[in-house]
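# Observations on the three-dimensional arrangement
Residues per chain, in single letters:
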Amino acid sequence: NAGVTQTPKFRVLKTGQSMTLLCAQDMNHEYMYWYRQDPGMGLRLIHYSVGEGTTAKGEVPDGYNVSRLKKQNFLLGLESAAPSQTSVYFCASSYFGADTEAFFGQGTRLTVV
Amino acid sequence: KQEVTQIPAALSVPEGENLVLNCSFTDSAIYNLQWFRQDPGKGLTSLLLIQSSQREQTSGRLNASLDKSSGRSTLYIAASQPGDSATYLCAAPAEYGNKLVFGAGTILRVKS
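Residues numbered from 1 in each chain as written. Chains lettered and ligands numbered in written order. Predicted model: local features only at pLDDT ≥ 70, side-chain atom pairs only at ≥ 80, totals over all residues. Heavy atoms only, no water.

### Some words on the overall build of chain B
Rule in force here: The helix count covers DSSP runs of H or I at least four residues long, the strand count covers runs of E at least two residues long, and both are numbered beginning at the N terminus. For this measure, only C-alpha atoms enter the radius of gyration; the expected value for a globule follows 2.2 Å times N^0.38, where N is the number of residues. Accessibility here uses a 1.4 Å probe with only protein chains present; expressed as a share of the type maximum, an area under 20% marks a residue as buried, one over 50% as exposed, and anything in between as partly exposed. When checking whether two residues touch, look at their non-hydrogen atoms; a contact exists if any pair is within 4.5 Å. What sets the accessible areas is the Shrake-Rupley method with a 1.4 Å probe; for residues, cover comes only from the shown protein chains. This count recognises Lys and Arg as positive and Asp and Glu as negative, with His and chain-terminal groups excluded. For the purpose of locating charges, the reference atoms are NZ of Lys, CZ of Arg, CG of Asp and CD of Glu.
If you tally the helices and strands in chain B, you get zero helices and 11 strands. In chain B, the succession of α and β elements from N to C terminus is β-β-β-β-β-β-β-β-β-β-β. The globule rule puts the C-alpha radius of gyration for 112 residues at 13 Å, and the 13 Å found for chain B is close to it. Taken along its principal axes, the extent of the C-alpha atoms in chain B is 45 × 30 × 20 Å. Looking at the 112 residues of chain B, the share that counts as buried comes to 44%. Counted over contacts in chain B with a minimum sequence separation of 6, partners at least 24 positions apart contribute 54%. As displayed, chain B offers around 5300 Å² of accessible surface, 48% of which is attributable to carbon and sulfur atoms. For chain B, the separation between the mean place of its 10 positive charges and that of its 9 negative charges on side chains is 3 Å.

### Digging into the confidence of the model for chain B
Our working definition: Scored between 0 and 100, pLDDT is the confidence that the predictor attaches to each residue.
Looking at chain B, pLDDT values average 94 and 100% of them are 70 or higher. Between the elements of chain B, mean pLDDT differs from a low of 93, seen in strand β6 (residues 56-59) of chain B, to a high of 98, seen in strand β11 (residues 106-111) of chain B.

### Some thoughts on the state of the cysteines
Going by this rule: Cysteine sulfur atoms that come within 2.5 Å of each other are treated as a disulfide pair.
Going through the model one piece at a time under the given rule, you end up with two disulfides over all chains. The residue that forms a disulfide with cysteine 23 of chain A is cysteine 91 of chain A, at a sulfur-sulfur distance of 1.9 Å. Between cysteine 23 of chain A and cysteine 91 of chain A the sulfur-sulfur dihedral comes to about -75°; the bridge is accordingly left-handed. Placement of the pair is cysteine 23 of chain A in strand β3 (residues 19-25) and cysteine 91 of chain A in strand β9 (residues 87-94), with a sequence separation of 68 residues. When its relative accessible area of 0% is taken as the criterion, cysteine 23 of chain A is described as buried. The exposure class of cysteine 91 of chain A is buried, given its relative accessible area of 0%. Note on cysteine connectivity: cysteine 23 of chain B is disulfide-linked to cysteine 90 of chain B, with sulfurs 2.0 Å apart. The disulfide joining cysteine 23 of chain B to cysteine 90 of chain B has a torsion of about 80° about its S-S bond and is therefore right-handed. With cysteine 23 of chain B in strand β3 (residues 19-25) and cysteine 90 of chain B in strand β9 (residues 86-93), the pair connects residues that are 67 residues apart, well separated along the chain. Residue cysteine 90 of chain B is classed as buried on the basis of its relative accessible area of 0%.

Right, here's the structure in full:
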């Protein structure tokens, strides 16, 4: 049972480049989340999904897009990377939202130069 | 708007001490609260999910309590060990949207 798996683990981008972060969960969870973690700012929610085919904006959605075409996958896209998007990105999932236990991936460390 | 605060921001204790980490939240209309552990360079690991009906939840040397009326939760760690050194985060449900709001965390260092 792999839990929540994020790909890639590390990435360096040049300003203006695009990339997609992949999150996969094998627990049949309905809810999936993308967070970013920055020093002094804590964990901030970027986007989330309450089920296959749905997405919703979180606290800091600007500059990011997401898709949930399959229940087990949640993709986070950066269309035109900026240095302000340098961060550690975490994906999480839970069976039914905030009332159920959340499981996190190991994170993706992204640097935009 | 739900806001979560953790005190202290950092804590350093000698091995063997019992310690308490504090978490406060502004919107008390919650049904549960979660505590997580994060090791350096790693993701978050769920420690305890405490329901408002339970008031307390225990796992090994960890005990979490939840007092909705005062907007507070505490995580008690008994007989601390160097392996407990990590950042501990609490998270409460947001006022809407079925998502979690995280505190900034308490960085714990247990010295051997």
